[in-house]
Amino acid sequence: MNSVGESAVASGGLTTRAERIADGSVLAAFDGLDRPRMAWLRADERRVVGGQVARVTAAGSDRFETIEERATATLATVDTTGPAGQSPRWYGGAAFTPDSESWAGFAPAAVVLPAVVAARVDGETWLVVRGRDRVDARFERLRMAIEGQDPPAHDPPGIDAVERRPDRMEWIRQVERVTDAIGAGQLRKVVLARSLHADLGGPVGIGGALADLGDRYPDCTRFAVAPVGGGTFLGATPEILLDRRGRTVTTTALAGSAARGGSRAADADLAAELQASAKDDHEHRVVVDAIVDQLESLPASVSVADRRLRRLASVQHLETPIEATLDTDVHALSVADALHPTPAVGGQPPDRAMMRIADLEGIDRGWYAAPVGWFDATGDGSFAVAIRSALIEGRRAHCFAGAGLVADSDPDAEWSETELKYRPMLDLLE
Ligand SMILES: C=C(O[C@H]1C=CC=C(C(=O)O)[C@@H]1O)C(=O)O
């Protein structure tokens, strides 16, 4: 138990202006917002937030609990009118491991109650500005940055040089060590990740990058997190950790992957192969079973829908939707705490898998593969699993991709699969 907390609260003297404004792209305002800024974009809502009225950070095994307690206490003291009368939301996320502080500016867990919210929800555009002074002036400046604006154009910076960590030979050795351990019955599954570091030809406009991801990955959660004193972590993830609305929690198990085919027939063949693969079925089942067990422990009654195919631009996955009805009002953060890391990004059993990852991986995951999202004063919230993602630091991009390993995983196939998982980020940069 090693928990630190910090809460800078503007209690009293805080003015909030929340109004519907004329339509325009909220992404047009993103790069101009104060840090910390964050974007949360889904098919049915687009939100960008910036600045902070309050911030809570925590570390250690109780970091989600600490954030839940402090953020809830803070909300009681702040006037936080939101868009369309919604409950105010905290935005943020966490590192993959409880104490990781290796990415500059990114705490092991951090959430912010933003000073500015620009949201496109239910066909309406809303702007909220909170602060002690100049609220009207800031509101009008932001209104002008959004109303009537198209999404920013994306201008890929180009890549000058790339370094993969580990290299292919070392990756093969790592995978073999894991598959040997699984074969020997020491554990059931491990997700090993690797990283790709790119020197860019110029800076990346994050608003434009997010708009571009929206065109190519409209049914993924597109996110960006840009703390004070750090780079910007962004991604387009197909994986939801949880959506909690009242006592209903929805999530998906996502594991088991294949490439997309170059023709309709080739694509269908790859899909059929994936759906018939005993190895992928096992890799997927481990995730479904772990999520069901964790949700039942909350406690909740859980129902599992039929497995289906999830097709993305460069890769296709096995996906199983899961829904739980909570017995009591468990906060979204407590649900995240119970679920993270699922064996889609960690392994099974979790503790042994995490030890293998720490021993073998040799890369720093930072916030990759960890929860990123929001929660509100009622305990509702949404967290995505931050995969298909990259940390951009000036003219350097650090991309991450992992692969679920079971006893009969093939190192070369897993190398190719992880190359495909870099595509969403590399396509943005090249
Ligand atoms: C860990 C990643 O993907 C996970 C999600 C879907 C499919 C996966 C797989 O088939 O290995 C991974 O478990 C990643 O994209 O970095």
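Residues numbered from 1 in each chain as written. Predicted model: local features only at pLDDT ≥ 70, side-chain atom pairs only at ≥ 80, totals over all residues. Heavy atoms only, no water.

Draft legend 1. How the structure looks around the site of the ligand. Every one of the 17 residues lining the ligand counts as a neighbour, but S257, A344, Y368, R388 and G402 are closest to it. One of the backbone N or O atoms of G256 is found 3.0 Å from an oxygen atom in the ligand. In the complex, 100% of the free accessible area of the ligand, which totals 390 Å², lies under the protein chains. Of all the elements in the fold, those that place two or more residues in the shell around the ligand are strand 15 (248-259), strand 23 (396-405) and helix 9 (411-429). The class makeup of the residues in the shell around the ligand is seven nonpolar, five polar and five charged. (Near = heavy atom within 4 Å. Polar contact = N/O pair within 3.5 Å; in protein donor to acceptor, adjacent residues only side chain to side chain. Areas by Shrake-Rupley, 256 points an atom, 1.4 Å probe, with all protein chains shown as cover. Helix = DSSP H or I, 4+ residues; strand = E, 2+ residues; numbered from the N terminus. Nonpolar A, V, L, I, M, F, W, Y, C, P; charged D, E, K, R; others polar.)

Draft legend 2. Quick peek at the environment of R42. Secondary-structure assignment places R42 in strand 3 (residues 37-42). Taking the C-alpha atoms as reference, R42 lies 9.6 Å from Y217; in sequence the two are 175 residues apart. Leaving out residues up to four positions away in the same chain, R42 has contacts with T221, R222, I240, D243 and S382. In terms of polar contacts, R42 uses its side chain to reach the side chain of T221, at 3.1 Å. (Contact = heavy atoms within 4.5 Å.)

Draft legend 3. Molecular detail of the domain arrangement of the protein. When cut into domains, the protein gives domain 1 (6-146) and domain 2 (159-204 + 230-429). Computed from C-alpha atoms alone, the centre-to-centre distance between domain 1 and domain 2 is 26 Å. With 32 residues of domain 1 at the contact, the number on the domain 2 side is 35 residues. At the boundary of domain 1 with domain 2, total buried surface from both sides reaches about 2800 Å², with 64% on carbon and sulfur atoms. It is F64, F96 and W103 in domain 1 that bury the most area against domain 2; as a group they hold 32% of the surface buried on that side. Inspection of the domain 1/domain 2 interface yields one salt bridge. (Domains from an automatic or database assignment. Buried area = accessible area lost by both parts, 1.4 Å probe. Salt bridge = Lys/Arg side-chain N within 4 Å of Asp/Glu carboxyl O.)

Draft legend 4. The arrangement of the packing of helix 3 (residues 168-183) against helix 9 in detail. Running from amino to carboxyl end, helix 3 crosses helix 9 at an angle of 120 degrees, the nearest separation of the two axes being 9 Å. Taken together, the axis directions place helix 3 and helix 9 in an arrangement best described as oblique. As helix 3 packs across helix 9, the resulting crossing turns out to be right-handed. Seen from helix 3, the contacting residues are R168, W171, I172, V175 and E176; seen from helix 9, they are P411, D412, E414, W415 and T418. (Axes fitted to C-alpha atoms, helices over the stretch in contact; angles between N-to-C directions. Parallel < 35°, antiparallel > 145°, perpendicular 65-115°, else oblique. Left-handed = near helix turned anticlockwise from the far one by under 90°.)

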